[in-house]
Amino acid sequence: MDAIRCRPSRSALRNSGHAAKEVVTLCHGILMAVLVVCGLVVGVGTAEAAEEKEAPVSGPLPALETGMHLDAVSAMAVDAKERVLATASYDKTVRLWDPDSGRQLSVIRVPFDGGREGQLSALALSPDGDRLAVGGWTGWTWNRAASVYLFDTRSGSLTGRIDNLPHRVTGLAMDGTGNQLLILMGVGAGWRVIQLSDMSVVTTERRCQEETLGADFAKDGRLVVSCTDGFIRLYDARFNLVGETRFDAMSGEPGPTHFSPDGKRIAIGFKDDPRVLLVDSETLKSLYMTEPESNADGGVSALAWSMDGKSLFAGGKGYLRGRKFLRRWKEAGKGAVEKIRLPAHDAITALVSRKKGGVFFATTDPVIGGMDDAGAIRFSNRSIRSDFRDGSWWFGVSEDGRRIRFSVDRWNRKPVRFDLERGVLRPDPDPDTSLALARTRSDTISVPRWRATGQVAVNGRHILMTPDEVSHSLAFHPDNKRALLGSSLYLRMMNAEGRALWRLTTPADALSVNISGDGRLAVVAFGDGVIRWYDAEDGALKLSLFPHRNGHDWFAWTPDGRFDFSGIDPDQVVFVIPKGQKQSAALLLSRELHGYRRDRDGIRAALGATLNLPPNPDAFTRPVYGEGETALF
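Residues numbered from 1 in each chain as written. Predicted model: local features only at pLDDT ≥ 70, side-chain atom pairs only at ≥ 80, totals over all residues. Heavy atoms only, no water.

Engineer: Kindly report on the overall build of the chain, identifying the contributing residues and their values.
Structural biologist: The helix and strand tally for the chain stands at three helices and 48 strands. Counting contacts in the chain only where the partners sit at least 6 residues apart, residues at least 24 apart contribute 49% of the total. When the accessible area of the chain is evaluated, it comes to approximately 25100 Å², of which 48% is carbon and sulfur surface. (Helix = DSSP H or I, 4+ residues; strand = E, 2+ residues; numbered from the N terminus. Contact = heavy atoms within 4.5 Å. Areas by Shrake-Rupley, 256 points an atom, 1.4 Å probe, with all protein chains shown as cover.)

Engineer: Account for the state of the cysteines, with residues named and values stated.
Structural biologist: Per the counting criterion, the structure on display carries one disulfide. Covalent S-S linkage joins Cys-208 and Cys-227, the inter-sulfur distance amounting to 1.7 Å. The sign of the S-S torsion, about 65 degrees, decides the handedness of the disulfide formed by Cys-208 and Cys-227: right-handed. Placement of Cys-208 in the loop between strand S14 (200-205) and strand S15 (212-217) and of Cys-227 in strand S16 (residues 223-227) is noted, with a sequence separation of 19 residues between them. Cys-227 shares its class with Cys-208; the two are buried. (Disulfide = S-S within 2.5 Å. Buried < 20%, exposed > 50% of the residue type's maximum accessible area, 1.4 Å probe, protein only.)

Engineer: So what's going on with the sheet that holds strand S5 (residues 93-97)? Residues and values would help.
Structural biologist: Judged by pairing direction, the sheet is antiparallel, and its four strands sit side by side in the order S3-S4-S5-S6 without closing on themselves. Two strands lie at the open edges of the sheet, namely strand S3 (73-78) and strand S6 (104-109), each paired on one side alone. Across the sheet, the mean angle separating the axes of adjacent strands is 20 degrees when strand polarity is ignored. Strand direction decides the pairing type here: strand S4 (residues 85-89) and S5, joined by four bridges, are antiparallel. Note on S5: the bridge partner recorded for Ala-86 is Leu-96. (Pairing = 2+ DSSP bridges. Axes fitted to C-alpha atoms, helices over the stretch in contact; angles between N-to-C directions.)

Engineer: Let's hear about the pattern of salt bridges: which residues, and what values?
Structural biologist: All told, the structure shown has 38 salt bridges when counted by the stated rule. Across the pair Glu-211 and Arg-168 runs a salt bridge whose closest N-O atoms are separated by 2.6 Å. Within this pair, whereas Glu-211 is found in the loop between S14 and S15, its partner Arg-168 is found in the loop between strand S10 (158-165) and strand S11 (169-174), the two being separated by 43 residues in sequence. A relative accessible area of 0% places Glu-211 in the buried class. Residue Arg-246 is joined to Asp-248 by a salt bridge in which the shortest nitrogen-to-oxygen separation is 3.6 Å. Classification of Arg-246 by relative accessible area gives partly exposed; the value is 41%. Connected through salt bridges with shared partners, the residues Arg-402, Glu-421, Asp-601 and Arg-604 form a single ionic network. (Salt bridge = Lys/Arg side-chain N within 4 Å of Asp/Glu carboxyl O.)

Engineer: Lay out the sheet that holds S16 in plain terms, naming residues and giving numbers.
Structural biologist: Spatial strand order, S15-S16-S17-S18: four strands in an open sheet with antiparallel pairing. Pairing within the sheet leaves two strands with one partner each, and these edge strands are S15 and strand S18 (241-246). Taken over all neighbouring pairs, the strand axes of this sheet differ in orientation by 15 degrees on average, direction set aside. In this sheet, S18 lies alongside strand S17 (residues 231-235) in antiparallel orientation, the contact comprising five bridges.

Engineer: An account of empty space enclosed by the protein is requested, with residue identities and associated values reported.
Structural biologist: Any empty space left between the atoms is revealed when a probe the size of a water molecule rolls over them. Evaluated as defined, the whole model comprises five cavities of 30 Å³ or more. When its volume is computed, the second largest cavity comes out at roughly 60 Å³. Lining the second largest cavity, in full, are Asp-387, Phe-388, Arg-389, Gly-391, Trp-394, Phe-395, Phe-406, Ser-407, Asp-409, Ser-512 and Ala-525. When grouped by side-chain class, the residues that make up the lining of the second largest cavity number five nonpolar, three polar and three charged. (1 Å grid on protein atoms, 1.4 Å probe; cavity = no way out; pocket = protein on both sides within 12 Å on 5 of 7 lines; lining within 4 Å. Points joined across faces, edges and corners; volume = space filled by probe spheres on them. Nonpolar A, V, L, I, M, F, W, Y, C, P; charged D, E, K, R; others polar.)

Engineer: An account of the packing of aromatic side chains is requested, with residue identities and associated values reported.
Structural biologist: Tallied over the full model, the rule gives 11 aromatic pairs. Ring centres of Phe-217 and Phe-239 lie 6.5 Å apart, and the angle between their planes is 75 degrees; this geometry places the pair in the edge-to-face category. Pair noted here: Phe-217 is in strand S15 and Phe-239 is in the loop between S17 and S18, with a separation of 22 residues, a long-range link. Each of the two residues, Phe-217 as well as Phe-239, counts as buried. For the pair Phe-418 and Trp-554, a centre-to-centre distance of 5.3 Å together with 70 degrees between the ring planes defines the contact as edge-to-face. In this pair, Phe-418 is assigned in strand S33 (residues 415-419) and Trp-554 in strand S45 (residues 554-557), connecting sequence segments 136 residues apart. Judged on exposure class, the residue Phe-418 and its partner Trp-554 are both buried. Ring pairs connect the aromatic residues Phe-555, Trp-557, Phe-563, Phe-565 and Phe-575, which therefore count as one cluster. Geometry around Phe-231 places Arg-246 over its ring, the cationic atom sitting 5.5 Å from the centre. It is Arg-503 that lies over the ring of Tyr-490; its NZ or CZ is 4.1 Å from the centre. (Phe/Tyr/Trp six-rings, centres within 6.5 Å; stacked < 30°, edge-to-face > 60°. Lys NZ or Arg CZ within 6 Å of the ring centre and 35° of its normal.)

Right, here's the structure in full:
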């Protein structure tokens, strides 16, 4: 049998401090199929993977509709007349906004299923604002291939699909006519252009054998594409290659790439360089670089020109007085650098030019907003999601798993305690010693160097991880015979030989894991702001908790549709109903769905026998919000 070679994406960790959200590569899927059919073990000392236990979503799923995304915003676009601003998110929704006020206009829910199916990483909007294309982890559950979904923004209806894409969708763009859609794909799949009138393939390009990250159309139809192989490639309006070049003077892989409004220059951002490179749009010859500030920390994650082409904006690493900031250079990038502080604390994922000057911005917090040319914030919408990153150092669980301690804010600035029995989420500045941290050492199982790596060994045997997978968290079972490993893609319970007793595809990065002292429950804090309890024996999901970042309000639900909450408007409790790949997910208010209701006793019993304690009478009242907090429910 010929060897199967898989090359991992070098951009899997391109967002500093934010775990990569990648799908399993096609090559790895083929490799796994061969292993299952042939019963082979990959290499000496490689542990065998277990069959996944994840079940598809078969019924209505309780959720909150808060008027804002609940997971990272991955892409943003605006129509030519600036009547609608669109954002796509890992929370499996597209949201449409009024570009002037930031008021939410509507929500589009894509076809979704369990795990990551339906997470969105790319978006394109037609110039007239009537047609929307989205993609990401879309279609894999049903087809083992990716899909792009097309929507009518006026009705929100799903109008078409582009199927059988060989890899995940990393980016989308429409040309100036709105008739041609560019689809960027993952490692080795290159990109293709689709004629939307008849869904025919105009061209397919695979010169990039790694990952295509950035692309832009000029007004005359020319196309520029950046690839993690280091090349910038320029194509004419018929997609013939005009030229390609590398810029070794810059640091890291090229990423966001945009034509200037007049089409004469191309601005290119790089992974590890705070400067932006300006090149001639006809020859790709270097013209000049933007001026960095002193001691700049670098990388450019998003890039945009002002509408008049006089200013260039870039988002990247670093903080300004505790918040993220934009760099702006006037004189088309030749001027001195200026820093503009944003109302956000996490990676800037998208910048879009604003007709009235300035830019619209989106982050992984998530936050979306608009900024004018003077640097003033015209509007900003912030999520109520908690941030569990760097939280494993204080993620404590009681003996029976019914009480937990965590922080709703990164770096443990807002520690809280949740008591399921009493229905209370409250600040907890003093550690409770009865809530044990995860056991990360064992006398019988050795798992060295497991943090932030794609290669994990259990007692010397490497477990089979996907090329883009990164480990985040570890907890040993009290019996010292098992270990729970959380990563960017999977949750695994492993024995002392490294064999996965069960494995789940995670709905988001498994940032912190713990196991109750009685050994019954695995408790996991995920990157989507949800804490989930699983049966430690078979990985069955028992309970989910969404804690508000204010440290008081919460919403909990079970897989069978029971739910409970504190400090929440009941009308914001909704049910999302999956309808397969052919239809958008439907949405109903909880009071409209027969047989599904608030069940406080059912939630308290979700983890096993209760203590029959009366709930705290203050547990179900809305708290008084502190300065800067808003009741966003």
